[in-house]
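Chains, contacts and geometry: an overview
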Amino acid sequence: MIDTLFRVTRHDSRRQFLQWLAASPLAAAAQTNSPSPNEPYLLKSPQEAINVLEFEAVAKQKLPPAHFAYMATGVDDDATLRANRAGFDKFKLRPRRLVDVRDLDTKRTLFGSTLECPIIIAPTGNQMAFHPQAELAVAKAAGATKTQMMLSTVTNTKIEDVMRAVASPIWYQLYATQRWEVTEQLVRHAEQAGATVIALTIDTNSGRRTDTLERAKRYDTRQCSACHTPTYGFNRKPMFDGIDTEGLTTGNPGMDWKFVDKLRRFTKVKFILKGLETAEDARLAVDAGVDGLIVSNHGARATETGRGTIECLPEVIEAVEGRMPVLIDGGFRRGTDIFKALALGASAVCVGRPYLWGLASFGQPGVEQVLRLLRTELELIMRQCGTRTLADIKPAHVMRG
Ligand SMILES: Cc1cc2nc3c(=O)[nH]c(=O)nc-3n(C[C@H](O)[C@H](O)[C@H](O)COP(=O)(O)O)c2cc1C
């Protein structure tokens, strides 16, 4: 009797314990394969990803701390970095119902060519810090997903090799150094390689303070060059092969609108500016006769303005009055972010860190999945808002509030 009682009690408490366990966060963690509910889930394959944000944790786990910090850093206190994301919350969507959206069209014609989708790979340098295949993996992913790629001046891979991998014309981001003859050679080289757009970066001419990166370097003191030799050092990158780069730096604090005019005349392909944030500069850009501009704060890596780029977009669109395409980048992580920018008047959106997370996590397949997820989300929100084409996306689909 006592024995039976004991067995029942033990059985009951075991059942109670199992019930408690099943309801506890520990069980939820076990189901999601996360070591604890507070830690992010680490994807084992790109296909598992629910959204692009999930790649960041994998990149962080796989990369040396200073390499990850180089990617993640903003400037100063990273206030602008946070603002780039928080800015999207200030704009709400106004969906329209009962529209037949079975056949969707995301094509956009820009600078003489038609893009399958208005999502563009933003230029980022030093990709060998994130994956041995570097720009080649990104180029192959761009080719596989038919995504427009913009290539940085400071790549670890030759432009000709990137062109072969992507198998379609790329856009070229230009850092005009302080020596005009170097700028000339960079531009002609990119044009001869087949770049159809030159995007002059104008937001990092006077230096910057990347505190988050500098802090990481205090405890990760490995020589960067050990991971991505032989291209460490700005002026030893492949784009500078055959160019006298003695004493050269990326910035050009003397750059002004006269320089823009000279470069615009020199460039044979489309010429755009990357890194504008104000109506005043947008008007000057129109006057300067450039072919387009990108509202950008360099992924919050240039000036600690405290303003997200999506907040800067309306004043730029208003100033430009439709006279040239306005693109944007900075903090775009969701299809809804992209949709908001398109509704506010942007012609296309560039993304940076998300594809770098994909690259660092899984190489080419990671980049492909990031690009596919963003496009899938954009298509979904287009359908949900009753917009069949990009032209259907109107300012009335978004409101400030
Ligand atoms: C690691 C890294 C390297 C970058 N390198 C360049 C570069 O070489 N040239 C350039 O114009 N912009 C560069 N950028 C800025 C991007 O082109 C783009 O403006 C920015 O990443 C967009 O913001 P997001 O990363 O939040 O999407 C870089 C950004 C990152 C994160």
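These remarks concern the structure in this document. Note that the coordinates shown come from a computational prediction; the quantities given were computed from them, not determined experimentally.

Before going further, it helps to examine the pattern of salt bridges. Where charged atoms of side chains with opposite charge meet at close range, the side chains can pair. Under the defined criterion, the tally for this structure stands at 16 salt bridges. For Arg-164, the salt bridge is made with Asp-161, and the minimal N-O distance between the two is 2.5 Å. With Arg-164 and Asp-161 both in helix H7 (residues 159-166), this residue pair falls three residues apart, about one helical turn. In this structure, Arg-334 and Glu-377 form a salt bridge, with 3.0 Å as the shortest nitrogen-oxygen distance.

Time to look at unusual backbone geometry. Although it is not a glycine, Asn-126 adopts a positive phi angle of roughly 55 degrees. Tracing the backbone shows Asn-126 in the loop between strand S4 (119-121) and helix H6 (134-145). Positive phi, close to 40 degrees, is recorded for Ala-134, a residue that is not glycine. Along the polypeptide, Ala-134 turns up in helix H6.

The next thing to look at is the site of the ligand. Residues in contact with the ligand amount to 24 residues; listed here are only the nearest, Pro-123, Ser-152, Thr-201, Asp-329 and Arg-333. Lys-274 is positioned with one of its side-chain polar atoms (N or O) 3.0 Å from an oxygen atom of the ligand. Contact between the ligand and His-298: a nitrogen atom at 3.2 Å from a side-chain N or O atom of the residue. In isolation the ligand exposes 610 Å². Once the protein is present, 99% of that is buried. Of all the secondary-structure elements, those providing two or more residues to the shell around the ligand are helix H4 (65-72) and helix H15 (353-362). Of the residues that constitute the shell around the ligand, the class distribution is eight nonpolar, 11 polar and five charged.

Attention now goes to the packing of H15 against helix H16 (residues 364-384). Between H15 and H16, the least distance of the axes is 6 Å, while the angle of their chain directions is 145 degrees. Relative to H16, the crossing made by H15 is right-handed. Of the residues in H16, those touching H15 at Pro-354, Tyr-355, Gly-358, Leu-359 and Phe-362 are Gln-364, Pro-365, Gly-366, Val-367 and Val-370.

Taken as a whole, helix H9 (residues 211-219) has its buried residues at Thr-212, Leu-213 and Ala-216. Buried residues along H9 cover an arc of 95 degrees about the axis, so they all sit on one side. Next to the buried residues of H9 lie H4.

What follows deals with the side chain of Thr-157. Relative to the elements of secondary structure, Thr-157 occurs in the loop between strand S5 (148-151) and H7. Within the structure, Thr-157 has its side chain in polar contact with the side chain of Glu-135 (distance 2.5 Å). For Thr-157, the contacting residues outside a window of four places in its chain are Ala-134, Glu-135, Leu-136, Val-162, Pro-238 and Met-239.

Before going further, it helps to examine the packing of helix H13 (residues 309-320) against helix H14 (residues 335-344). For the pair H13 and H14, interaxial distance at closest approach is 9 Å and the crossing angle is 20 degrees. In this view, H13 runs roughly parallel relative to H14, as classed from their interaxial angle. For the crossing formed where H13 meets H14, the hand is right-handed. Two secondary-structure elements touch here, H13 through Ile-310, Leu-313, Pro-314 and Ile-317 and H14 through Lys-340, Ala-341 and Leu-344. Residue composition of the contact of H13 with H14, by class: six nonpolar, no polar and one charged.

The eight strands lie next to each other as S4-S5-S6-S7-S8-S9-S10-S11, forming a closed barrel whose pairing is parallel. Put simply, the sheet's adjacent strands are angled 30 degrees from each other on average, direction ignored. The pairing of S5 with strand S6 (residues 171-174) spans two bridges and is classified as parallel. Directly across from Met-150, in S6, lies its bridge partner Trp-171. Seen against the sheet, helix H11 (residues 257-266) touches S6, strand S7 (197-201) and strand S8 (270-276) and runs at an angle of roughly 155 degrees to S8.

Ranked by size, the top nonpolar core spans 99 residues in total, and within it Leu-200 and Leu-293 carry the most contacts. When residues in this core are grouped by element, the largest group, eight residues, is from H16. The contacts of Leu-293, once residues within four sequence positions are left out, are Ile-272, Leu-273, Leu-276, Ala-282, Ala-285, Val-316, Val-320, Met-324, Pro-325, Val-326 and Leu-327. Listed in part, the 14 residues of the second largest apolar core include Phe-111, Trp-171, Val-197 and Ala-199.

Right, let's get into the pairing of strand S9 (residues 292-295). Of the two faces of S9, the one lined by Gly-292 and Ile-294 and the one lined by Leu-293 and Val-295 are each fully buried. One crossover worth recording links S8 to the parallel S9 by way of helix H12 (residues 279-288), and it is right-handed. Bridge count between S9 and strand S10 (residues 326-329): three bridges; the pairing is parallel. What sits directly across from Ile-294, in S10, is Leu-327. Where the polypeptide runs from S9 across H13 and back to S10, its parallel neighbour, the crossover connection is right-handed.

What counts, and where the lines are drawn
Residues numbered from 1 in each chain as written. Predicted model: local features only at pLDDT ≥ 70, side-chain atom pairs only at ≥ 80, totals over all residues. Heavy atoms only, no water. Salt bridge = Lys/Arg side-chain N within 4 Å of Asp/Glu carboxyl O. Helix = DSSP H or I, 4+ residues; strand = E, 2+ residues; numbered from the N terminus. Near = heavy atom within 4 Å. Polar contact = N/O pair within 3.5 Å; in protein donor to acceptor, adjacent residues only side chain to side chain. Areas by Shrake-Rupley, 256 points an atom, 1.4 Å probe, with all protein chains shown as cover. Nonpolar A, V, L, I, M, F, W, Y, C, P; charged D, E, K, R; others polar. Axes fitted to C-alpha atoms, helices over the stretch in contact; angles between N-to-C directions. Left-handed = near helix turned anticlockwise from the far one by under 90°. Contact = heavy atoms within 4.5 Å. Buried < 20%, exposed > 50% of the residue type's maximum accessible area, 1.4 Å probe, protein only. Arc of directions from axis to C-beta. Parallel < 35°, antiparallel > 145°, perpendicular 65-115°, else oblique. Pairing = 2+ DSSP bridges. Core = buried A, V, L, I, M, F, W, Y, C linked by side-chain atoms within 4.5 Å. Right-handed = clockwise from strand over helix to strand, strands pointing away.

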